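Take a look at the letters that make up each chain.
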Amino acid sequence: MNIRPNAILEVDGLERRFDVSAPWLNRLIERKPRRTLRAVDGVDFVIQRGQTLALVGESGCGKSTIAKLVTGLHPPSDGKISFHGDRDRLQMIFQDPYASLNPRWRVGRIIAEPLRTLRPDTPADQVATRVDDLLRTVGLSAADGLKFPHEFSGGQRQRISIARALAGEPEFLVCDEPTSALDVSVQAQVLNLMKALQKEMGLTYLFISHDLSVVRHMADVIAVMYLGRIVEIQPTADLFANPLHPYTRLLLETIPDLEAPKRDRSPMGGEVPSPVSPPSGCSFHPRCPLAFDRCRMERPQRRAEVHDRRVACFAAEAGGTANA
Amino acid sequence: MSDIVLDVRNLRVEFPTRKGVLTAVDDISLQIRRGEILGMVGESGAGKSMTGMAILGLLEPPGRIAAGTIRLSGDRIDDLDDRAMQHIRGRRIGAIFQDPLTSLNPLFRVGDQLVETIRLHTDLDPSQARERAKTLMHEVGIPAVDERIDNYPHQFSGGMRQRIVIALALCAEPELIVADEPTTALDVSIQAQITALLKRLCRERGTAVMLVTHDMGVIAETADRVAVMYAGRLAEVGTVDNVVRRPKHPYTEGLMGSIPSLRHDVEELQMIPGSMPRLDAIPPGCAFNPRCAHAGPKCRREVPRIAAADAGAGTAACWRTLEGETA
């Protein structure tokens, strides 16, 4: 891989397998083999400092597993994650603001936790000032630090999660579906806050979402995942203007569009196959309108000579999917 | 006979609590015609699901219908007792909920659940009912029905399970289907399949559908008319096109602006300051007035209401619309 001076995170051939076999005795009696699930299967990407890379895909495509691998909550089974920054300055925001805040701690203590862990010799009064500042940064008041999480609405809790993530002065934030549990008007508040903070503090985001309109608003680069692999990765504007992979097109066609509702659609059939027994070759081939024999046998890679490593698709290699 | 299937007038749902009576649904009037899909939108706690539950007769005590009437093809159903309501649910009103796993019994084969429901509501014998179950499963798009009919719910994917729930709701050919967030638990590509299915069934059978969802995109592509709820009240009703493109109520306008666009770049999403009031702290006058940029003295004093007679046409519960000027 080339040396990119401005890259903060480089992920190379990342793989994560989970053992999903039946218990030992069942395997013995029913003569079942061991089974592994490849949640992440050979993923490469680079994130530039100060930018947002979004991972999109449907449930089970491995996007949250990547979040856990990058933050070190899971060790990778194979491949390499190189973080060119201070590991202590990597933080995470989770989807469910109800499950990610300790209900028995006051908000002030929750937000101070990263500070106390990462810089244990900070004097107590400085910690308190910092917590007050953080609460105000995310649009809450300093008095809110004395309350418990249950006293807040979902959107306010997500602000608390953001304040906690900011406490360690992070440079890199992994955000796993940070607004999926929120109502749209609250989502807008949180997304605006995240964008403002990025601009102000030069943060880098790995932003995980299933919502293409949110991702379009937030990301500089979008990686589309299907069954543990990145099938397409492009700068946001290019991806929407000229999607290269048939799966990206399927996604773009099926999301409801407020401005141009497709009321007479005939949706594409098929479902995401089980990641335990993915289809041979390109795992999208059973649903793909452009699939031919090679797709059933061989697994497409993103290659430099095909749209500059932006797509893993044999039909695209043959020139079959470009719009222009 | 007119073709109005569901006629709700001045519906009010209350929850008596120790601290006083909370009004979860306040003076709602709606109509749905044969073959029409009415979308009910609003954010969590706006009362949209509660309205659906009141129509289904499934309010959890101490919740109760405190005022108003609900008519199903002309018959009053809001004052029926549990037994009579049970008779109507399933037969005349079908229900589809968000999580297909909670609507299906995990211990019984899906075919048996369908057969049981069909036999409860019709006088078919077991083998006829099984044939009907197969027809329904085929109709909702389940492949290889002969094999799948004897599977258990866990053997189906989320999208397929929701199809079975739809088949269950259709068993007795109901006049009305109340679908509460039917696609929220599903992935986008599956979501499109399910909404297309709902639309097709509604068109072919003339079923009236009340589609409760928080997702404006789903509404824009599926519903014919929309009712927007805010703090238990109706904020706006109208055709999809009008409500989405030419919203009249400042709340609807803010809601539309806060949704990230698939076509335009905006640096900042439009925000509605603050949040929806809790049921025990609804401000006097228009419930939206503390968050509204146009609020005047009248908005803080008097509640703007959509008259039951106007609920069919399309209007907003906003003094600016009702009086055509800034109040």
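Along each chain, residue indices are assigned from 1 in the same order as the chain's sequence is written. Think of it this way: whatever chain is written first is A, whatever ligand is written first is 1, and the rest follow in order. Note on the predicted model: pLDDT of at least 70 is required for a residue's local features to be given, and 80 or more for side-chain atom pairs to be given and counted; whole-chain, interface and lining totals, by contrast, use all residues.

Going by the annotation in an unreviewed UniProt entry, the name recorded for chain B is ABC transporter ATP-binding protein, with Pseudodonghicola flavimaris given as the source organism. Per its UniProt entry, chain B bears the Subcellular location (unreviewed entry) comment "Cell inner membrane". What the UniProt record of chain B gives under Sequence similarities (unreviewed entry) is the line "Belongs to the ABC transporter superfamily." UniProt positions are given in the numbering used here, feature names are shortened, and annotations may be inferred rather than shown by experiment.

As annotated in an unreviewed UniProt entry, chain A carries the name ATP-binding cassette domain-containing protein and comes from Pseudodonghicola flavimaris. Under the heading Subcellular location (unreviewed entry), UniProt records this for chain A: "Cell inner membrane". Chain A has a UniProt comment under Sequence similarities (unreviewed entry) that states "Belongs to the ABC transporter superfamily."

### Points about the nonpolar core
As used throughout, a nonpolar core is a set of buried Ala, Val, Leu, Ile, Met, Phe, Trp, Tyr and Cys residues joined through C-beta atoms within 7 Å of each other. Buried residues are those with 20 or more other C-beta atoms within 10 Å of their own C-beta, exposed residues have 12 or fewer, and partly exposed residues lie in between; C-beta atoms are placed from the backbone. Counting residues in hydrophobic clusters, the biggest one holds 181 residues, and the most contacted among them are A:Ala54, A:Phe207, A:Val224, B:Leu6, B:Met210 and B:Tyr230. Take this core: its biggest share by element is eight residues, from helix 7 (residues 158–170) of chain B. Throughout, the edges of the domains are those of an automatic or database domain assignment. Shared between two domains, this core holds at least three residues of each, these being domain 1 (7–236) and domain 2 (242–254 + 279–324) of chain A. Once residues lying within four places of it in the same chain are set aside, the contact partners of B:Leu6 are B:Leu30, B:Gln31, B:Ile32, B:Ile55, B:Leu72, B:Leu176, B:Ala208 and B:Met210. A run of H or I in DSSP counts as a helix once it spans at least four residues, and a run of E counts as a strand once it spans at least two, with each numbered from the N terminus. Here, residues touch in the contact sense if the C-beta positions derived from the backbone fall within 7 Å of one another.

### Structural notes on the domain arrangement of chain A
Residue and element names in this part refer to chain A. For chain A, the domain assignment lists domain 1 (7–236) and domain 2 (242–254 + 279–324). A straight line from the C-alpha centre of domain 1 to that of domain 2 covers 29 Å. Between domain 1 and domain 2, the contact holds nine residues from the first and twelve residues from the second. Going through the elements one at a time, strand 8 (221–226) and strand 9 (229–235) are the ones with two or more residues in the side of domain 1 that touches domain 2. Examining the composition of the side of domain 1 that touches domain 2, we find that five residues originate from one element, strand 9, more than from any other. Residue classes in the side of domain 1 that touches domain 2 are distributed as six nonpolar, one polar and two charged. Residues are sorted three ways: Asp, Glu, Lys and Arg are charged, Ala, Val, Leu, Ile, Met, Phe, Trp, Tyr, Cys and Pro are nonpolar, and all the rest, Gly among them, are polar.

### As for the packing of helix 4 (residues 110–121) of chain B against helix 7 of chain B
Residue and element names in this part refer to chain B. Contact pair helix 4 / helix 7: the axes reach a minimum separation of 9 Å and the direction vectors enclose 15°. Between helix 4 and helix 7, the crossing angle belongs to the class labelled roughly parallel. Handedness of the helix 4/helix 7 crossing: right-handed. Residues Val110, Gln113, Leu114 and Thr117 of helix 4 touch helix 7, and the partners they reach there are Ile164, Ala167 and Leu168. Across the contact of helix 4 with helix 7, the residue classes tally to five nonpolar, two polar and no charged. Under this scheme, a helix contributes an axis fitted over its contacting stretch, all axes are lines through C-alpha atoms, and angles between N-to-C directions fall in the 0 to 180 degree range. Our angle categories are set so that under 35 degrees counts as roughly parallel, over 145 as roughly antiparallel, 65 to 115 as roughly perpendicular, and the remainder as oblique. Left-handed describes a crossing in which the near helix is turned anticlockwise from the far one by less than a right angle; the clockwise case is right-handed.

### Observations regarding the UniProt feature "domain: ABC transporter" (unreviewed entry) in chain B
In the numbering adopted here, UniProt assigns the feature "domain: ABC transporter" (unreviewed entry) to residues 8–256 of chain B. Taken end to end, residues 8–256 of chain B is 41% helix and 27% strand, and its first and last C-alpha atoms sit 26 Å apart.

### Focus on the sheet that holds strand 4 (residues 78–83) of chain A
Residue and element names in this part refer to chain A. The strand order across the open sheet formed by three strands is 2-1-4, and the pairing between neighbours is antiparallel. The open sheet terminates on both sides in strands that have one partner only, identified here as strand 2 (36–48) and strand 4. Across the sheet, the mean angle separating the axes of adjacent strands is 15° when strand polarity is ignored. Of the strands in this sheet, strand 1 (7–19), strand 2 and strand 4 are in contact with helix 2 (residues 63–71), which crosses strand 2 at around 65°. One requirement defines pairing of two strands: DSSP has to find at least two bridges between them.

### Things to note about the sheet that holds strand 3 (residues 37–41) of chain B
All names here are of chain B. Spatially, the seven strands line up as an open sheet ordered 6-7-8-3-9-10-11, and their pairing is mixed. Edge positions in the sheet fall to strand 6 (93–96) and strand 11 (315–316), since each of these pairs with one other strand and no more. Bridge count between strand 3 and strand 9 (residues 225–230): four bridges; the pairing is parallel. For Leu38, the partnering residue across the bridge sits in strand 9 and is Arg225. On top of the sheet, helix 7 reaches strand 6 and strand 7 (176–180); it is set at about 170° to strand 6, its chief contact.

### Some words on the interface of chain A and chain B
If you look at the interface, chain A gives 34 residues, while chain B gives 32 residues. Residue contributions to the side of chain A that touches chain B peak at seven residues, all from helix 6 (residues 184–201) of chain A.

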